[in-house]
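# Descriptive analysis of the structure
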Amino acid sequence: MTTLALPRRADSSFLLQRVQPAMTGLIDGSLSTLAPVFAVALATHQPIYAFFTGLATAIGAGVSMAFSEGLSDTGDLTGRGSPYRRGAITGAGTFLGGVLHTLPFLIPQYGLALVVALATIAFELVALSWIRWRFFGTGFLRSFMAIALGGVIITAVSAALGAVS
């Protein structure tokens, strides 16, 4: 697959102002919500508790990332564009990344909810790796391994916390 055939300056602006904030949000949402969702799921074996934990975490992380990105710089010196637009893109990406693997916990059967959530996480890893490959020229396998490593560390910590209770 070829990359977008935009002029270099337009391509750079698109990456800085749209793709990079979206990617930051998606990665943050996907990774930061794993620990609370799976800690609650493994501790309680109650999918609905994991769902509400994930939903609250995704909303909170989305708002936090929107403000963080929006307040990080005005975009004038860096060329990163409107802070409001970047904040909205990052916040929405964070919420989306966090809520995707939370939705399976609406399934009332604990085991099935876990399997579907894990499959959703695998999909997220592939999608994030593809985005990094497509827009940033990072090797797909390298991206997959880097993102998966973060997910494995977070999941291991949350599983340990969930198992303790």
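Per-chain numbering applies: the sequence of each chain, read as written, is numbered from 1 onward. Predicted model: local features are reported for residues with pLDDT of at least 70 only, side-chain atom pairs are reported and counted for 80 or more only, and whole-chain, interface and lining totals are derived from all residues. In computing side-chain properties, one takes all heavy atoms of the structure into account and sets aside hydrogens as well as water.

## Structural notes on the overall build of the protein
- Under the scheme used here, helices are H or I runs from DSSP no shorter than 4 residues and strands are E runs no shorter than 2 residues, and both carry numbers assigned from the N terminus. From N to C terminus, the protein includes six helices and zero strands.
- For the protein, the α and β elements follow one another from N to C terminus as α-α-α-α-α-α.
- Computation of the radius of gyration draws on C-alpha atoms, with the globule rule given as 2.2 Å multiplied by the number of residues to the power 0.38. A compact globule built from 165 residues should have a C-alpha radius of gyration of about 15 Å, and the protein, at 17 Å, falls within 12% of that.
- On the principal axes, the C-alpha backbone points of the protein span a range of 50 × 35 × 25 Å.
- Whether two residues are in contact is decided by their heavy atoms, any of which lying within 4.5 Å being enough. Considering only intrachain contacts with a sequence separation of at least 6, the fraction spanning at least 24 residues in the protein is 68%.
- The accessible surface values rely on the Shrake-Rupley method and a 1.4 Å probe; as for residues, cover is taken only from the protein chains in view. Of the roughly 8800 Å² that the protein leaves accessible, carbon and sulfur atoms contribute 73%.
- The charged-residue count follows a simple rule in which Lys and Arg add positive charge and Asp and Glu add negative charge, with His and chain termini not counted at all. A charged residue contributes its charge at one atom only: NZ of Lys, CZ of Arg, CG of Asp or CD of Glu. For the protein, the separation between the mean place of its 9 positive charges and that of its 6 negative charges on side chains is 7 Å.

## Topic: the packing of aromatic side chains
- Working definition: a ring pair exists when centres of Phe, Tyr or Trp rings (six-membered ring for Trp) sit within 6.5 Å. Plane angles under 30 degrees give stacked, over 60 give edge-to-face, the rest tilted. This model, assessed by the stated rule, comprises four aromatic pairs.
- With centroids separated by 6.5 Å and ring planes inclined at 50°, the aromatic side chains of Trp 130 and Trp 133 adopt a geometry described as tilted. Of this pair, Trp 130 and Trp 133 both sit in helix H5 (residues 110–136), three residues apart, roughly one helical turn.
- Burial here depends on accessible area, computed with a 1.4 Å probe over protein chains only, as a share of the maximum for the residue type. Under 20% is buried, over 50% is exposed, and the range in between is partly exposed. Trp 130 gets classed as partly exposed once you look at its relative accessible area, which sits at 36%.

## Some words on empty space enclosed by the protein
- Here a cavity denotes a set of grid points, spaced 1 Å apart and computed over the protein atoms alone, in which a 1.4 Å probe fits but from which it cannot get out, and a pocket denotes an open set meeting protein on both sides within 12 Å along at least five of seven lines; residues with an atom within 4 Å of a point are reported as lining. Grid points are joined across faces, edges and corners, and a volume is the space filled by probe spheres set on the points. Within the structure shown, the criterion is met by one cavity of 30 Å³ or more.
- A volume near 40 Å³ is recorded for the largest cavity.
- Together, Ser 30, Leu 31, Leu 34, Ile 121, Glu 124, Leu 125, Leu 128 and Ile 147 line the largest cavity.
- Contributing elements (two or more residues each) for the lining of the largest cavity: helix H1 (8–32) and H5.
- If you tally residues by element for the lining of the largest cavity, the top one is H5, at four residues.
- Of the residues contributing to the lining of the largest cavity, the split by class is six nonpolar, one polar and one charged. Each residue gets one label: Ala, Val, Leu, Ile, Met, Phe, Trp, Tyr, Cys and Pro are nonpolar, Asp, Glu, Lys and Arg are charged, and the others, such as Gly, are polar.

## Looking at the confidence of the model for the protein
- Values of pLDDT, ranging from 0 to 100, describe the predictor's confidence in every residue of the model. Summing up the model confidence of the protein, the mean pLDDT is 87 and the portion of residues at 70 or higher is 93%.
- Across the protein, the element-wise mean pLDDT spans from 82 in helix H6 (residues 140–164) up to 95 in helix H3 (residues 47–72).
- This stretch, residues 1–7, has a pLDDT under 50; its non-local contacts, to residues over four places away or in other chains, come to nine contacts.

## Topic: the pattern of salt bridges
- By definition, a salt bridge exists where a carboxyl oxygen of Asp or Glu is found within 4 Å of a side-chain nitrogen of Lys or Arg. A complete count under the given rule lists four salt bridges for this structure.
- Among the ionic pairs, Arg 80 bridges to Asp 73, the shortest N-O distance being 2.7 Å.
- Taking relative accessible area as the criterion, Arg 80 reaches 16% and is therefore assigned buried.
- Among the salt bridges present, the one from Asp 73 reaches Arg 86, with a minimum N-O distance of 3.7 Å.

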